[in-house]
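# Topology and contacts: notes
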Amino acid sequence: MKRFILSCLFICFACSGAEVPTVVDQQPVTKQSKPKYLWFDAEANFERFSNQDSIRYYLDKTKMTGFNHIVVDVRPVYGDVLYKKTSLMTELTTVNGFSRTLTWDYLQFFIDEAKKRDLKVTVSTTIFPAGRPDTKEGMVYRDASWAGKTSIQHTSKGMLKEMDDPSKVAAFLNPALPEVQEFALKFIRELVTNYDFDGYALDYCRYLSIDSDFSNESRKLFEAYIGEGVTNFPDDIFYWKDGQRHFGKHAKKWFEFRSKVIHDFVKKAKEEIKMHKPAVQLEYWAASWYGALYAQGQNWASKKYDPSVEYPAWASSDYKKTGFAEHLDAFIIGTYLEKVYGMNDAESIEYGLARGKRLIQGDCKMYGSIYALNYKDIEDAAYVCLMQSDGLMVFDIVQVIQFDLWDELKRAIDKSGY
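First things first, this report covers the structure right here in the doc.

Rules used throughout
In this convention, every chain numbers its residues from 1, walking through the sequence in written order. Only residues with pLDDT of at least 70 are given local features in this predicted model, and only at 80 or more are side-chain atom pairs given and counted; all residues enter the totals for whole chains, interfaces and linings. Only heavy atoms go into the side-chain values, all of them from the structure, while hydrogens and water stay out. Under this scheme, a helix contributes an axis fitted over its contacting stretch, all axes are lines through C-alpha atoms, and angles between N-to-C directions fall in the 0 to 180 degree range. By definition, any uninterrupted DSSP run of H or I lasting at least four residues is a helix, any uninterrupted run of E lasting at least two residues is a strand, and each is numbered from the N terminus. Note on convention: near helix rotated counterclockwise from far helix by under a right angle means a left-handed crossing. Clockwise means right-handed. Should any heavy atoms of two residues lie within 4.5 Å, those residues are counted as being in contact. The classification used treats Ala, Val, Leu, Ile, Met, Phe, Trp, Tyr, Cys and Pro as nonpolar, Asp, Glu, Lys and Arg as charged, and all other residues, Gly among them, as polar. Every case where a carboxyl oxygen of Asp or Glu lies within 4 Å of a side-chain nitrogen of Lys or Arg is listed as a salt bridge. For every residue, the accessible area (1.4 Å probe, protein chains only) is compared with the maximum for its type, and the residue is labelled buried under 20%, exposed over 50%, or partly exposed between those bounds. Strands qualify as paired when DSSP identifies two bridges or more between them. Every crossover in which the path from the first strand over the helix to the second runs clockwise, viewed with the strands pointing away from the viewer, is termed right-handed.

### Here we look at the packing of helix α11 (residues 378-388) against helix α13 (residues 406-416)
- Across the interface, α11 lies against α13 with an axial gap of 8 Å and an inter-helix angle of 30 degrees. Crossing angle aside, the handedness with which α11 passes α13 is right-handed. Of α13, the residues touching α11 (which contributes Ile378, Glu379, Asp380, Ala382, Tyr383, Leu386 and Met387) are Glu408, Leu409, Arg411, Ala412, Ile413, Lys415 and Ser416.
- For the contact of α11 with α13, a count of residues per class yields eight nonpolar, one polar and five charged.

### Observations regarding the pattern of salt bridges
- On inspection of all chains with the given rule, the structure shows 25 salt bridges.
- Between Glu43 and Arg132 there is a salt bridge, and its shortest N-O distance comes to 3.4 Å. In this pair, Glu43 is assigned in the loop between β1 (36-40) and α2 (52-65) and Arg132 in the loop between β5 (120-126) and α4 (139-142), connecting sequence segments 89 residues apart.
- Within the structure, one salt-bridge network assembled from shared partners comprises Asp53, Arg56, Asp60, Glu113, Lys116 and Arg117.

### Section: the pairing of strand β13 (residues 365-371)
- For β13, the buried fraction is high: five of the seven residues fall into the buried class.
- Across five bridges, the pairing between strand β12 (residues 330-334) and β13 is parallel. Note that in β13 the partner of Ile333 across the bridge is Gly368.
- With helix α10 (residues 349-360) bridging β12 and its parallel neighbour β13, the resulting β-α-β unit is right-handed.
- Bridge analysis of β13 against strand β14 (residues 392-395) gives four bridges, and the strand direction is parallel. Looking across to β14, one finds that Ser369 is bridged to Met393.
- Tracing the backbone out of β13, into α11 and back to the parallel element β14 gives a crossover that is right-handed.

In structure tokens, the structure reads:
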């Protein structure tokens, strides 16, 4: 019947002398697929993924759920690594009392098996951590030369090395030191040139906290940055009174200086990666609560955004110059929040995604990321990330396994059409 009607219309137009319209078959519009990442943390999965069959099994689950990209964490906070093609790094063999000696290359196996399943691979490494203070394991506890380059904290009880503070998640090397940055660039270069993967994620590419680094080296670098001496260091940055931190006269410039240190390193990392593998995507994860991240030197925004208008308490007029979004291919925004909906609720995923877009201003792609431990509404959370950002990242597979979240995530991915 459809062909008969079209034939009659053709004859009518031809007989009338009118131009015959082109008949176009109406095909359903297919949405372009978005990146859907599942993160494989190094420490949390250390024992589970010591077995190749386990890796194969969970990569199959990952693919069947609808993910098309994985993140393989290969340098946790110890500063040691989970790969063999290196002349620079020490292989990590023990985590939380479990020891292993692999005859095969952990990272290469993940890459090979991911390719068989048409899964893209991002490699993630911590950048400045180099040891675990609670157990005193890792490179800075083996090598005194690196121990001397760890960050020093300005605490209410005085100066304290991060490596000597068991309450800290990691002992960070001082990001401002040129030799620390060069070391990080070396292991980035080594990974990019020795392995074939799709993306590189900079993790813990920041200062540990607002309390660091207050070494003499950082003081000299800061004084050179502002072009004058700091008479009362560290009190002119901030001082403690009755257990409370109070900003000194140089606080804003100090936060700007630290943020520029991280900006400059991200720029160098991008240049290093693109020099060797232009197609490798540079990615960076950070929390969505931007207003608190000056404490860690993380200005993931665009230079077109001026935080001094919105956050005058800590942002100088030049702080905007340290925004590094333009140096990323993708920013993975950590909307690790329990609430999903609420455009006017600062504690919701929707709000975090909207703020991220406003601050990045299109300088790079932005993928919404969620914490699988907040599993109560994970289907809605994953769906919102796919609909309101350029992609999805779920952290971490250990919770997806623990709480059996595969079906919820599959429903979210299927429903989004991406």
